[in-house]
Every structure is written in structure tokens, then in C-alpha cells.
2 protein chains.
Amino acid sequence: MLENYKEIREGLQKGPGHRVAIAAAADAEVLEAVCMMLKEGFAEPILFGDAVKIAKLAETAGLDSAALRVVDEPDGAAAALRAAKSVRDGEAEVLMKGLVNTSDFLRAVLDGENGIRGESLLSHLAAFETPGCPRLIIQTDGGMNLYPTLDEKVGILKNAVEALHRLGVECPKVAALSANEAVNPKMVSSVDADALAKMNTAGEIEGCIVEGPVALDVALSADAAKRKKIESRIAGETDLFLVPNIDAGNIMGKTLVCCTHAKMAGVVLGAKAPIVLVSRSDNAESKLNSLALACALA
Amino acid sequence: MLENYKEIREGLQKGPGHRVAIAAAADAEVLEAVCMMLKEGFAEPILFGDAVKIAKLAETAGLDSAALRVVDEPDGAAAALRAAKSVRDGEAEVLMKGLVNTSDFLRAVLDGENGIRGESLLSHLAAFETPGCPRLIIQTDGGMNLYPTLDEKVGILKNAVEALHRLGVECPKVAALSANEAVNPKMVSSVDADALAKMNTAGEIEGCIVEGPVALDVALSADAAKRKKIESRIAGETDLFLVPNIDAGNIMGKTLVCCTHAKMAGVVLGAKAPIVLVSRSDNAESKLNSLALACALA
């Protein structure tokens, strides 16, 4: 069970330092997050981008620009390629997107010669530190795969379970979410959730306990399960919330952030290294937490 | 703009009283909600169900069973049919489900001879009174239609806009939700949201302002729109949240209820009268708020 980001960041300080390659790093909030990361001391950045702009913004962010490792590459797409290559070559263990188009950035990730694509499907893992909630709500995939097939859901689930193992959760309890606990042949979320639970029972998906279809209230609360007379091995102790599609995942995440003031972190899994793919609307603290999550997975 | 349920209930006390036909009313929490409703005085119940059980439970709930109008019908499906017929015949203006299977209840609603099906698609409207949120979050359709087509989304939207007009919102601001503001041909939620917004501009969907595709953060917050540089006529003032599918709607609703302790009310629209279709896990207060919402729409 993971309680909060502080726990993850403190755990990192005890381990070896990591290196993070940042593509198109000339961005005020990215550099603010880098400044916070350096203060906490869990990783060192390699900054790819416009060296002049980076030096200027670094100063504003309170960084000693002379002490920073900067690779001058003013073009965003080229900076992404060089950052990806540095991870591929083992110079860094985490890749992060700065001020570059997501499509250019992902093209670099997937590039045959310089990229870091592995055997697995790329998928998004998000964590939400939610006021009043005693543990992190860890969710997949609300950011990468749109309407995943059952096969793709297996890939998404395997990526996330491996990530949770790395975070120290030995046998994560997984809720394959749907609108309720009944299998309805017309509701693909329920059919897929049922299939995932059965594949887990049959040993085809290992290292976790998958329950599904299950509704969010049961996954979040043992009391809700009791009230609904649902027998559950995961109710109130769910480590991973597998959402049926990007609409559900995105809306769940935004409800948590906007209505409970949850703090979000996100990371892309399935490549040869964890990828931090923050959006412009994430603040520096969110970027720091995403960096910490990625370093913990590296 | 609707602030909370209290406003709706107080509005009802000024209007004419309504009658609510309750199918299979022998349920403790249904009768508790009836007791609260009678105290507030906004509607009178007609209770269809096992008269002996109803009398016993009514006493426990603090009701004067002698003063109640009870139609003895111990069979759940038959009680649903008789309750629906009483609405069809104009004896009551609202239909409510008690302790009867949803499928039996809906069969009665749709019954050609006794039911109350109209010309419209049946759809679900939910309202969430959320701590820290200055207005009700009104959402459709997270409970009835699974993966609606564009045509069905038009029907869902028209039902909800008509309902909001009845609630006094003259020209509701509607967010056709997707994961972000870009139209992505692979993301059906974004394509449909774009189509709905264009149909609204073209005058095919009237009486409201539809924006889409729009992500939940922009719909909820003018600041989020500003940060993301999205020009929006609805940001932070959204009256209606149109969700792309039942998974997204259900998970959004359960996030609000479980993580912010929002109070939910729900009603089914599109029949000849509003229908209260609460679930067993809803408490008496939630049932009362659903009753008030339905009476306000009657």
C-alpha cells in the first residue's frame, strides 16, 4: 500500500540517484520542478533544448545554470530524439517531455534508431493523492489508449502490475472497473472485466488479484461492498483501478483533481524506461511528483 | 443556476402538491424517505405493495399508516404495473421504484397497455450536491444508456435540456465531455461532442448552449480554461455535463459520492412522467432528494 508521494520521494532519497533526460527543457515550470528535484536530491537532470533559453529560465528558477548538464538543441523534435537516444544509450534512466508537441515527443520515443520502444504496449499510469483518502489512488489507463480491446487491457494491466511490484506492492489488488458488478453482454466494460478476472484466476495474469466487473464505490470502500452485499477481496484495499476507456479515466482523474483537490502524478509505462509526459496545465509540484514516480519505477 | 437540493425542495413547497406512485413500497428506506417527504409537504404518496408489510414498516418509520393511501398488491411486478397505470391514468404525476427488480419495474414503465412510455428515449439525469462546489453538478446519462450513438446522445441531451428548463434554467450551458478539447477521429466521444456543438450552432438542438469536445476541468473551472488557453462560454458555469458513456458517467458519479461525499439524486426522463429509480445503496436522504427532483420536473 502506497500512502502518498512523500513516501515515494523519501524512499528514493535512500536509493541510488537517477538521471532524467528532459526533452525541450526550456520551460519555466519544468525547470521549477527540476529545482525541487535537485533540492530533494533524488535525481540529476540532463537538459536537451535551447541552451540560451534554458540558462535564462534556470536562473529565474533559482538553479545554478553553470552546474547543469545542458545539451544545446533548439529544435523541439530534434531535442526529443537526442533525449530519447540518451536514455537508449544508458546515459539516463528516465525520459521526460518538456515544451515539445506530444506527437513529436512520442515519435522520438517510438523511433527505431534512437527511441526506447520495448515489446510492450505503451500505457499511462496515474496516481492521485486525495485529501481524506488514506492511500494513493493508482489508475490506468486514462491517458494513452483510447478504447482498449481486451488484449490491450491485458497489456495495460501487466504494465501497471509490474510498476506496482517495483513500487513495493507485492501482490496488488486490482479493480477491473465497470458501472456495476453484473456481467452485461451489452456493456463491454463488464464483459472485459469479467474476462480479466477469469484470466487472473486461470494464472494467465499473474502477480496480482484481479476482481471484476466491480463498480468504483465497492473498489474504494468495504462499507459500500457490505451495503451492496458484494463479497470482495479488494473492497477498500484496491491498489490499482483499471478503467474501461480513456473517457472514464480522464473524467475520473479530473473529478479527483477539480473536486477533491487531489494531486496528480503520471507516467507512461511499457517503453524501455519510464516516461514523464506531463501536460502544460500540470503545476511544478505535479511535475515533481511525476518525476519521483518515474524514478521509483526506473 | 441551481445551488442545492434545499432550493429545489423549498421551491416545491410553494407550488401545488404532487402525487407519487410507489411500486413495491414495502421497504424501510423508501418509507423513511416518504416520511421526510410528508414532513416537508411537497408530495403525497400512493403506496403499491404488500399492505401488511407496508403498515408494519410505516409504523417503524414514524408514519401514520391509517392516513396512508395503500393499494394492496404483494407481487412486485404486478405492483409495478398498477403503479405505472395510476400515473398513466393521471392519479399520480411521478412514478417511483421500491423493492422490485429494475427489469420488472422497467417492463411496467414500457408496458403498452399500462405503461408510460412516451415518444422520447428514456435517459438518466443525476444531480450531485458537492461540498465546496457552489452549484449542483447535473449529469446525463450515467445510468440508463450504455454507449449511446450520436442520435441517442441527441435524445439524451433534449430530455435533459427540457428538464433544466422546468427547473428554471432558461438556457442551460452544456459541456459535451471528452478527454480534452481536440477532435480526434479515433475518439468517438470527441467526434460526437463536436457534432452536438455544431448541431446546436445550426439550430438543430435548441434552448441551450452546447460546447464540445470539452474536458471536465474546463467545464468546471474558468481558471482551468484560462490556464489551458481555451476560449469557452461555459467554463465554470456549466449547467449540464453530458458524459460520453455509462462507464464515464458512473465512475464520475461514484468519484463524487465516495471521494467528496457528494449527495446524489437521480431521475429517469423521457417517459410521460418523471421516474425515480433509486438503488438499494441510496440512503433515505438521497431518495428524498430524488423525489424532490422528480416532483420539480412533474
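Computed from a predicted structure; not experimentally measured. (Residues numbered from 1 in each chain as written. Chains lettered and ligands numbered in written order. Predicted model: local features only at pLDDT ≥ 70, side-chain atom pairs only at ≥ 80, totals over all residues. Heavy atoms only, no water.)

Each helix and strand counted, chain A has 11 helices and 11 strands in total. Across its three principal axes, chain A shows a C-alpha extent of roughly 60 × 40 × 30 Å. The buried share among the 298 residues of chain A stands at 57%. Within chain A, counting contacts between residues at least 6 apart in sequence, those at least 24 apart form 69% of the total. Roughly 12300 Å² of accessible area belongs to chain A as shown, and the carbon and sulfur atoms make up 49% of that amount. Seen as two clouds, the 31 positive and the 41 negative side-chain charges of chain A have centres 2 Å apart. (Helix = DSSP H or I, 4+ residues; strand = E, 2+ residues; numbered from the N terminus. Buried < 20%, exposed > 50% of the residue type's maximum accessible area, 1.4 Å probe, protein only. Contact = heavy atoms within 4.5 Å. Areas by Shrake-Rupley, 256 points an atom, 1.4 Å probe, with all protein chains shown as cover. Lys, Arg positive; Asp, Glu negative; His and termini not counted. Charge placed at Lys NZ, Arg CZ, Asp CG, Glu CD.)

Glancing now at the pattern of salt bridges. What the rule picks out here adds up to 34 salt bridges over all chains. A salt bridge links B:D89 to B:K85, with the nearest nitrogen and oxygen atoms 2.8 Å apart. Classification of B:K85 as partly exposed rests on a relative accessible area of 36%. Within this structure, A:E181, A:D217 and A:K228 form a network of salt bridges that share partners. (Salt bridge = Lys/Arg side-chain N within 4 Å of Asp/Glu carboxyl O.)

Let's shift gears to the interface of chain A and chain B. Opposite the 32 residues of chain A that make contact, chain B presents 32 residues. Applying the counting criterion to the chain A and chain B interface returns 0 salt bridges. Scanning the region where chain A abuts chain B turns up 12 residue pairs in polar contact (both at pLDDT 80 or more). Among the elements that make up the side of chain A that touches chain B, the one with the highest residue count is helix α10 (residues 246–260) of chain A (12 residues). (Polar contact = N/O pair within 3.5 Å; in protein donor to acceptor, adjacent residues only side chain to side chain.)

Right, let's talk about the packing of helix α2 (residues 28–40) of chain B against helix α11 (residues 284–297) of chain B for a bit. Residue and element names in this part refer to chain B. One way to put it is that α2 packs onto α11 with a least axis distance of 8 Å and a crossing angle of 55°. Between α2 and α11, the angle is such that the two are oblique. Remark: the crossing between α2 and α11 carries right-handed chirality. Listed contacts from α11 to E29, V30, E32, A33, M36, M37 and E40 of α2 are A284, E285, K287, L288 and L291. (Axes fitted to C-alpha atoms, helices over the stretch in contact; angles between N-to-C directions. Parallel < 35°, antiparallel > 145°, perpendicular 65-115°, else oblique. Left-handed = near helix turned anticlockwise from the far one by under 90°.)

Another aspect to go through is the state of the cysteines. Enumeration according to the criterion identifies 0 disulfides over all chains in this entry. Take A:C258: it sits in no disulfide, and the sulfur closest to it among the cysteines is that of A:C259, at 6.1 Å. Judged by its relative accessible area of 25%, A:C258 falls in the partly exposed class. No disulfide involves B:C208; its nearest neighbouring cysteine sulfur is the one of B:C171, lying 6.5 Å away. (Disulfide = S-S within 2.5 Å.)

Residue and element names in this part refer to chain B. Within the fold, N289 resides in helix α11. Overall, the relative accessible area of 1% leaves N289 in the buried class. For the pair N289 and L121, spaced 168 residues apart in sequence, the C-alpha to C-alpha distance is 23 Å. Apart from residues no more than four positions distant in its own chain, N289 is found in contact with Y5, R9 and A265.

This next bit is on the side chain of A:D50. Residue and element names in this part refer to chain A. Assignment of secondary structure puts D50 in the loop between β2 (43–49) and α3 (51–60). Despite being buried, D50 has no salt bridge partner; K53 is the closest side chain of opposite charge, sitting 4.4 Å away. Filtering out sequence-adjacent residues up to four positions away, D50 remains in contact with A26, D72, E73 and P74.

Residue and element names in this part refer to chain B. Position of S123 among the secondary structure elements: in strand β5 (residues 123–129). A polar side-chain atom of S123 sits 2.9 Å from a polar atom in the side chain of N159. Excluding its chain neighbours within four sequence positions, the residues that come into contact with S123 are D141, M144, N145, I156, N159, V267, V268 and L269.

Here the focus is the environment of A:V257. All names here are of chain A. With respect to the secondary-structure elements, V257 resides in helix α10. On the basis of relative accessibility, which here comes to 32%, the residue V257 falls in the partly exposed class. In this structure, the C-alpha to C-alpha distance between V257 and K14, residues 243 residues apart in sequence, is 30 Å. Residues within four places of V257 in sequence aside, it is in contact with F128, A262 and M264.

The topology assignment puts A:K228 in the loop between α9 (222–227) and β9 (240–242). A sequence separation of 10 residues divides A:K228 from A:V218, and the C-alpha atoms of the two residues are 8.2 Å apart. Each residue touching A:K228, except ones within four places of it in the same chain, is listed here: A:E181, A:A215, A:D217, A:V218, B:K254 and B:S281. A polar contact is formed between the side chain of A:K228 and the side chain of A:D217, at a distance of 3.2 Å.

Time to look at helix α7 (residues 188–201) of chain B. Its 14 residues place the ends of α7(B) 20 Å apart at the C-alpha level, agreeing with the 20 Å of an ideal helix rising 1.5 Å per residue. When α7(B) is considered as a whole, its buried residues turn out to be B:S189, B:S190, B:D192, B:A193, B:D194, B:L196, B:A197, B:M199 and B:N200. Here the buried face of α7(B) lies against α10 of chain A together with α6 (150–166), β7 (173–177), β8 (209–214) and β9 (240–242) of chain B. Phi turns positive one or two residues past the end of α7(B), at B:G203, with a value near 85°. (Expected span 1.5 Å × (residues − 1).)

The subject of this paragraph is the packing of helix α4 (residues 76–88) of chain B against helix α5 (residues 102–110) of chain B. Residues and elements named next belong to chain B. Axis separation between α4 and α5 bottoms out at 8 Å; the angle between their running directions is 35°. The two elements α4 and α5 cross, and the hand of that crossing is right-handed. Residues A77, A80, L81 and A84 of α4 form the contact with α5, whose participating residues are D104, F105 and A108. Looking at the contact of α4 with α5 residue by residue, the class counts come to 6 nonpolar, no polar and 1 charged. (Nonpolar A, V, L, I, M, F, W, Y, C, P; charged D, E, K, R; others polar.)

Attention now goes to the confidence of the model for chain A. Detailed reading of the predicted coordinates is not advisable wherever pLDDT is low. This prediction gives chain A a mean pLDDT of 95; 100% of its residues lie at or above 70. With pTM at 0.95, the complex prediction returns an ipTM value of 0.94. (pLDDT = per-residue confidence, 0-100.)

All right, on to the relation of the copies chain A and chain B then. With an RMSD of 0.0 Å, the operation that places chain A on chain B is a rotation of 180° combined with a shift of 0.0 Å along the axis. Expressed as an axis order, the relation between the two copies is that of a two-fold axis. For chain A, the residue whose C-alpha comes nearest the rotation axis is A:A248, separated from it by 1.8 Å. Both copies share a contact surface, since 100% of the interface residues of chain A are interface residues in chain B too. (Least-squares fit on C-alpha atoms with pLDDT ≥ 70 in both.)

Our next topic: unusual backbone geometry. Residue and element names in this part refer to chain A. Across the junction of G212 and P213, the peptide omega takes the value -5°, indicating a cis bond. Along the chain, P213 turns up in strand β8 (residues 209–214). Backbone geometry places A24, a non-glycine residue, at a positive phi of 60°. Among the secondary structure elements, A24 is positioned in the loop between β1 (18–23) and α2 (28–40).

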